[in-house]
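Residue-level listing of the chains:
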Amino acid sequence: MSPAASAPVFSHLPRPFGPPPMLSTLLLRHRLAAAAASPTRSPLRVLAAMSSSASSSSPHGGRKTNRLAAEHSPYLLQHAHNPVDWYPWGDEAFEKARAKDVPIFLSIGYSTCHWCHVMEVESFENEEVAKLLNDWFVSIKVDREERPDVDKVYMTYVSALHGGGGWPLSVFLSPNLKPLMGGTYFPPDDNYGRPGFKTVLRKVKEAWETKRDALERTGNLVIEQLRDALSAKASSQDLPNDLAVVSLDQCVEKLSSSYDPKFGGFGSAPKFPRPVEDYIMLYKYRKHMEAGKETDAQNIKKMVTHTLNCMARGGVHDHVGGGFHRYSVDECWHVPHFEKMLYDQGQIVNVYLDTFLITGDEYYSTVARDILDYLRRDMIGKEGEIFSAEDADSAEYEGAPRKKEGAFYVWTSKEIEDTLGENAELFKNHYYVKSSGNCDLSPMSDPHNEFKGKNVLIERRPASLMASKSGRALDEYSQILGACRQKLFDIRSKRPRPHLDDKVIVSWNGLAISAFARASQILESGSTGTRFNFPVTGCNPVEYLEVAEKAANFIKEKLYDASSKRLHHSYRNGPSKAPGFLDDYAFLINGLLDLYEFGGNIGWLLWAVQLQVTQDELFLDKQGGGYFNTPGEDPSVLLRVKEDYDGAEPSGNSVAAINLIRLSSIFDAAKSTGYKRNVEHLLAVFETRLRQLSIALPLMCCAADMLSVPSRKQVVLVGQKGSVEFQDMVAATFSSYDPNRTVIQIDPQNTEEMEFWDRNNANIAQMARSSPPGKQAVAHVCQDFKCSPPVTSPEALHELLNKAVAAASSAA
C-alpha cells in the first residue's frame, strides 16, 4: 500500500449506490482534521489469505500494449500491458470522456504499492473487468508520486467523505473531473458483505444513467466545500505570544501520553517511523536542558532512545542490507511491510544523527551509516541521482508465476544453517531464528500464516548482552555477526530483486541531501578507532558530502530550468511533465542550506536563496498567508491546498517556515525582517490547528518556537576552508546538538564570498575582514544581539557552544 494508507477502505457507496451524501463544510473540516490527527495507516494483513498469492503483476504473455507504454513512470509502465484501455492524466482522456459522455474511472497508485499490485492482478488483468471499463468509462491511471497534486485532490475527497483513504485510490469522475464517488481497493467480486469491483462498475453506470444530475450537482458541491475548507487564511498577521509554548508543550504531552514503554514508538500497531515525532521530542529535550530541567529532559531522551533502539533491532530494519522498511504490522517493530521509501531513509538518518550528538553513543551513528551506505550501494544512479523506492514484493525464485511480499528478505532456518555453518547457531540465537518461523511475537505479525517456516531477523536482546551470554568479547561477537550478514547478503543478492522505482523525485532527494550533508560533519565527532561491520562500510564521512553534492548537481542540471528558475517535480528518462510543487522547493532548499552550513560551498546558499524567491512567486498566498501546494496553473487540478500535516513526510509549509527562519538569520535586517514576516503570516494561517491539533503538526510547532527565540545563534567560521585547522573548527561546531543554530563559513580570500556578504550582511563581511591575522580558522559566536570574543581552537569553540546548557545543568 502506501506511505500513509489505511486498511483497505471499500467505497461505502450510498444506498442504493446513488450520490455521496452532502456534507456541511463544518463536517468536512472535522473529518479532514481527524484524518490528520490519526494518520491513515497501511493495512494489516486482513485480506492476505485471499490475495497474497496474487500480489504481483503477471507476465505480459505477448499482449499488446496500451497508451501507458509511452510513459516514463515505472508505475504506469507496469500497467502498459493491461487489457484496460488506460489513458495517462491529460487532455486526451478528458476530451474522450466528454465526447463519449461517460464517467472517468481514475486509478491512483505507485509502483511499490502492494495492494495496487493486488488490484491489478485481480481486476485490471481481468478481461471481463477490462471490457466493462472500456465500454462504460474512460480509464485514467496516475502515479501518485509523479502527480501528487492530482492525488491530493481525490484523496482529500475520499478521506473527507469516508473518514480514511489509501492506495490504490479508485475514484469515479464526471467528464469535467468533479468526483462522483470513490474508495480504495476493491476485490473483483462481492465478498464479506462488501461490493466487488464488477458490482461497483455496474452500479456507477446505472447511477450515471439514472441520477446523473444529482451526481454532478453533488460533485460540484463537494469540491466547493473542500475548496472552502482548505482555503485557510489568516485573520491577522500577528501571532499571539503564547502560541509557541502552548503548541510545543501540547504536542509533546500528547506524544508522551501515547508512548509505548514496552516496544517504543508513539501509538499502537501498525507502527510507522514518523521522524517528525522524534524531532520535536529531541527539540523539547534541548529546551528542557537549557532551562535546567534535567529530569524532564532525561525522560524525553529515554522515550526517543528506546524507540530508536527498538526500531533498529526490529525487523523493520533490514539487518542484512541496511536501511528501513516502511512500517511494521505489529506493535513490536518485527514483521514489516517490506517496501523501502527514500523519504523515510533521509529523515530517519537525521534522527539517529541527532540522538548520537545528544548521547555520544556510537550505536546511533552506526545505524545512520547503515542507512546511508544502503542508499549509496542500492539507490543511487550513475550521475548521483537518488532513486525513489524498492518494492515489498518479489519472486521467490527465477520464473516464479507470482511474487510474494517479503520474499527477498525472509529466511528459513535451513538456509541460514547451510550458509553460515559453524556460526549458524550463534546467528540464529541472536536474530531469533526458528525452524518453525519466528513471526510469532504478536497476533498481528502473521495472522494468516503467510510466513510460516520463514524468519524476519530481529534482535530481541542487545548485542552486548548476547555477547556476554556467548562468552565472547563484544568486538569479536560483532565481527562474527558482520561476517555472517555479509554471507547472507551474498546469497540474497542471487535472489530475484524487488522492483526498483528509479524515478528521481526532487523533494525526496532534498531530504536525502540533508542527511548526507549533515552526516559528513556530525560523524567526524565519532571515535577514530571504531570498527564497523557489514553492511556498514566505515567510510570517511567526507564521502557523504560528495554524495550530497552530486545529487544536488543532478537536480540542478536535469530538473532545474535556469532561465525560468523553476524546478520540475521528477525525472526518469527526462524531466516529467509535472512542475515542481511546494514540497520540491521547500525540501530542496532545506537540503541546500544543510549543504552550505555543513560543506561551506556558498554556491548552494545562492541557489537556495533563488529557489526561495521562486517558491514565493509560485506558491505564497500574499494576502491570506502560507503556501499552496501547487502553482495553480493547471486547470485540471481542482484544488490548491495549504498542507500542514507533518506525517510520513513533513508538510511543505512546516519545512518552508523553518527554511525562512534559517534564511532570516543569514541576511541583514531588511531582508531578515521580510523572511520573518512571511513565517509569522504562515503560522497565523494555522494558529487554530496549532492550538487544537498540535500532534498533527509537530514540525510546525518547532517552527513556531524557533520564531519566538529572540535571536538565533550564529556561528561564523572565518579562515582558509581547505586547511586542517578550519575543518577541525567545523567539526567542533557540529559536535553538539542545537536546532537553533546557523553556521556561516567564510573565506576572506574568496572574492565571490566577500562580495555576497558585502551585499547581504555587512556585519558578517566585517567579521571576516577583522578576524585575527595569521590564523587559519577563527570562530565568532553571536546570540542575543551580541558576539563573544573570537576563539581559535576547537576545544574553546565546543565549550562556548555548550555554555548555556552546561550552566543550566550545574545550576539545577
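Residues numbered from 1 in each chain as written. Predicted model: local features only at pLDDT ≥ 70, side-chain atom pairs only at ≥ 80, totals over all residues. Heavy atoms only, no water.

The name given to the protein in an unreviewed UniProt entry is Spermatogenesis-associated protein 20-like TRX domain-containing protein, with the source organism recorded as Urochloa decumbens.

A.B. asks: An account of the packing of aromatic side chains is requested, with residue identities and associated values reported.
C.D. replies: The final tally for this structure, using the stated rule, is 32 aromatic pairs. Arranged with centres 5.7 Å apart and planes meeting at 10 degrees, the rings of F338 and Y409 form a pair that is stacked. Of this pair, F338 sits in the loop between β7 (336–337) and β8 (340–341) while Y409 sits in the loop between β11 (403–405) and α15 (413–420), and the two are 71 residues apart along the sequence. The residues F338 and Y409 share a single accessibility class, namely buried. Note on F408 and Y409: the rings are 5.1 Å apart at their centroids and 90 degrees apart in plane angle, and the pair reads as edge-to-face. In this structure, F408 and Y409 share a single accessibility class: buried. Here R144 stacks its cationic end above the ring of W167, 4.4 Å away from the centre of that ring. (Phe/Tyr/Trp six-rings, centres within 6.5 Å; stacked < 30°, edge-to-face > 60°. Helix = DSSP H or I, 4+ residues; strand = E, 2+ residues; numbered from the N terminus. Buried < 20%, exposed > 50% of the residue type's maximum accessible area, 1.4 Å probe, protein only. Lys NZ or Arg CZ within 6 Å of the ring centre and 35° of its normal.)

A.B. asks: Can you break down helix α19 (residues 506–522) residue by residue, with the values?
C.D. replies: Here α19 is 17 residues long and its end C-alpha atoms lie 24 Å apart, about the 24 Å a rise of 1.5 Å per residue gives. Taken across its 17 residues, α19 has 17 buried, putting it largely inside the fold. (Expected span 1.5 Å × (residues − 1).)

A.B. asks: Before we move on, could you go through the nonpolar core and cite the residues and values that matter?
C.D. replies: Counting 219 residues, the largest nonpolar core has W89, Y154, F197, Y352, L605, W757 and L797 as the members making the most contacts within it. Judged by nonpolar contacts, the second largest core, of 19 residues, contains W411, A424, L426 and Y477. (Core = buried A, V, L, I, M, F, W, Y, C linked by side-chain atoms within 4.5 Å.)

A.B. asks: Please provide a residue-by-residue account of the sheet that holds strand β4 (residues 169–173), values included.
C.D. replies: In space, the five strands of this open sheet follow the order β1-β3-β2-β4-β5, with mixed pairing throughout. Either end of the sheet is taken by a strand with one partner, and the two such strands are β1 (86–88) and β5 (179–183). Strand-to-strand twist of the sheet, defined as the mean angle between neighbouring strand axes without regard to direction, takes the value 30 degrees. The pairing of strand β2 (residues 104–109) with strand β3 (residues 138–143) spans six bridges and is parallel. Paired with L106 across the strands is I140, a residue of β3. (Pairing = 2+ DSSP bridges. Axes fitted to C-alpha atoms, helices over the stretch in contact; angles between N-to-C directions.)

A.B. asks: Explain the state of the cysteines to me, using residue names and the numbers behind them.
C.D. replies: As enumerated under the stated definition, the model contains two disulfides in all. Two residues share a disulfide in this structure: C113 and C116, whose sulfurs sit 2.3 Å from each other. The chirality of the disulfide connecting C113 with C116 is right-handed, given an S-S dihedral of about 80 degrees. Judged by its relative accessible area of 0%, C113 is buried. Listing the disulfide partners of the protein by sequence rank of the bonded cysteines yields 1-2, 3-4. (Disulfide = S-S within 2.5 Å.)

A.B. asks: How would you summarise a positive patch on the surface if you had to cite specific residues and measurements?
C.D. replies: Together, K262, R460, R461 and K469 line one region of the surface with positive charge. Taking the relative accessible area as the measure of exposure, K262 reaches 62% and is therefore exposed. (Patch = residues over 30% accessible without salt bridge, like charges linked within 9 Å, V, L, I, M, F, W, Y side chains within 5 Å. Areas by Shrake-Rupley, 256 points an atom, 1.4 Å probe, with all protein chains shown as cover. Salt bridge = Lys/Arg side-chain N within 4 Å of Asp/Glu carboxyl O. Lys, Arg positive; Asp, Glu negative; His and termini not counted. Charge placed at Lys NZ, Arg CZ, Asp CG, Glu CD.)

A.B. asks: An account of the packing of helix α22 (residues 602–619) against helix α23 (residues 652–664) is requested, with residue identities and associated values reported.
C.D. replies: Relative to each other, α22 and α23 sit at 125 degrees, their axes nearing to 12 Å. Classified by the angle their axes make, α22 and α23 are oblique. Viewed along their axes, α22 and α23 form a crossing whose handedness is left-handed. For the pair α22 and α23, the contacting residues are L605, V609, Q612 and Q615 in the first and A656, N659, L660 and L663 in the second. Looking at side-chain class alone, the contact of α22 with α23 contains five nonpolar, three polar and no charged residues. (Parallel < 35°, antiparallel > 145°, perpendicular 65-115°, else oblique. Left-handed = near helix turned anticlockwise from the far one by under 90°. Contact = heavy atoms within 4.5 Å. Nonpolar A, V, L, I, M, F, W, Y, C, P; charged D, E, K, R; others polar.)

A.B. asks: With reference to specific residues and values, describe the UniProt feature "domain: Spermatogenesis-associated protein 20-like TRX" (unreviewed entry) in the protein.
C.D. replies: UniProt's entry tags residues 65–226 with the feature "domain: Spermatogenesis-associated protein 20-like TRX" (unreviewed entry), counted in the numbering of this structure. What you have in residues 65–226 is 49% helix and 15% strand, and the ends, taken at the C-alpha atoms, are 37 Å apart. (UniProt positions renumbered as here; feature names shortened; annotations may be inferred.)

A.B. asks: How would you explain the side chain of S413 if you had to name every residue and give the values?
C.D. replies: Among the secondary structure elements, S413 is positioned in helix α15. Here K428 takes part through its side chain, which lies 3.1 Å from a polar atom of the side chain of S413. Leave out the neighbours within four places in its chain, and S413 touches K428, V433, K434, S435 and N455. (Polar contact = N/O pair within 3.5 Å; in protein donor to acceptor, adjacent residues only side chain to side chain.)

A.B. asks: Talk me through the layout of surface pockets; I want residue IDs and the actual numbers.
C.D. replies: Estimated volume of the second largest pocket: approximately 770 Å³. If you trace the second largest pocket, you find 30 residues lining it, with Y363, T366, A463, S478 and R485 closest to the centre. Those elements giving two or more residues to the lining of the second largest pocket turn out to be α12 (294–313), α14 (362–378), α17 (463–470) and α18 (474–492). Considering every element that reaches the lining of the second largest pocket, the biggest residue donor is α14, with six residues. For the lining of the second largest pocket, the class distribution of residues is 13 nonpolar, nine polar and eight charged. (1 Å grid on protein atoms, 1.4 Å probe; cavity = no way out; pocket = protein on both sides within 12 Å on 5 of 7 lines; lining within 4 Å. Points joined across faces, edges and corners; volume = space filled by probe spheres on them.)

A.B. asks: So what's going on with the pairing of β3? Residues and values would help.
C.D. replies: By the criterion of burial, β3 is predominantly enclosed, with six of the six residues buried. Here three bridges tie β1 to β3, and the two strands are oriented parallel to one another. Bridging across to β3, W86 finds its partner in S139.

A.B. asks: Mind laying out empty space enclosed by the protein, listing which residues take part and the relevant values?
C.D. replies: The full count for this structure, using the stated rule, is six cavities of 30 Å³ or more. A volume near 620 Å³ is recorded for the largest cavity. The wall of the largest cavity is formed by 30 residues, among which Y279, N350, R518, N590 and D594 lie closest to the centre. Looking at the lining of the largest cavity, the elements that each hand over two or more residues are α11 (275–290), α13 (342–359), α19, α21 (582–599), α23 and α26 (698–708). Residue classes in the lining of the largest cavity are distributed as 17 nonpolar, five polar and eight charged.

A.B. asks: Hey, could you go over the pattern of salt bridges for me, with residue numbers and the actual values?
C.D. replies: Under the counting rule described, the total for this entry stands at 54 salt bridges. Across the pair R495 and E415 runs a salt bridge whose closest N-O atoms are separated by 3.4 Å. Within this pair, whereas R495 is found in the loop between α18 and β12 (500–501), its partner E415 is found in helix α15, the two being separated by 80 residues in sequence. Residue R495 is classed as buried on the basis of its relative accessible area of 14%.

A.B. asks: Could you give me a rundown of the environment of M341, with the residues and numbers involved?
C.D. replies: Here M341 shows up in strand β8. What makes M341 buried here is its relative accessible area of 1%. Once the C-alpha coordinates of M341 and T112 are considered, the two residues, 229 residues apart in sequence, prove to be 8.9 Å apart. Excluding residues that lie within four positions of it along the chain, M341 makes contacts with Y110, T112, E145, R326, S388, A389 and W508.

A.B. asks: So what about the packing of α13 against α19? Which residues, and what values?
C.D. replies: Two measures define how a pair of helices packs: the angle their axes make with one another and the distance between the axes. Look at α13 against α19: their axes get within 8 Å of each other, and the N-to-C directions meet at 25 degrees. Looking at the two axes, α13 sits roughly parallel to α19. Crossing of α13 over α19 shows left-handed handedness. The residues of α19 that touch α13, namely those facing L342, Y343, G346, Q347, V349, N350, L353, D354, F356 and L357, are W508, N509, L511, A512, S514, A515, R518, A519 and I522. Residue composition of the contact of α13 with α19, by class: 12 nonpolar, five polar and two charged.

A.B. asks: Pulling in residues and values, what's your account of the side chain of T156?
C.D. replies: Assignment of secondary structure puts T156 in helix α7 (residues 148–162). At a separation of 2.5 Å, a polar atom in the side chain of T156 contacts the main-chain carbonyl oxygen of K152.

A.B. asks: Tell me what's going on with the pairing of β5, and back it up with residues and numbers.
C.D. replies: The buried count for β5 comes to five of five residues, which makes it a mostly enclosed element. In this sheet, β5 lies alongside β4 in antiparallel orientation, the contact comprising four bridges. Bridged to F172 within β5 is M181. Here β4 folds back onto β5, and the loop between the two strands holds five residues, one of which, L177, carries a positive phi near 75 degrees.

A.B. asks: So what's going on with α18? Residues and values would help.
C.D. replies: Across its 19 residues, α18 extends 26 Å between first and last C-alpha, which sits within 8% of the 27 Å expected from 1.5 Å per residue. Those residues of α18 lying buried are Y477, S478, I480, L481, G482, C484, R485, L488, F489 and R492. Among the structural elements, α14, α15, α16 (424–430) and α17 are those in contact with the buried residues of α18.

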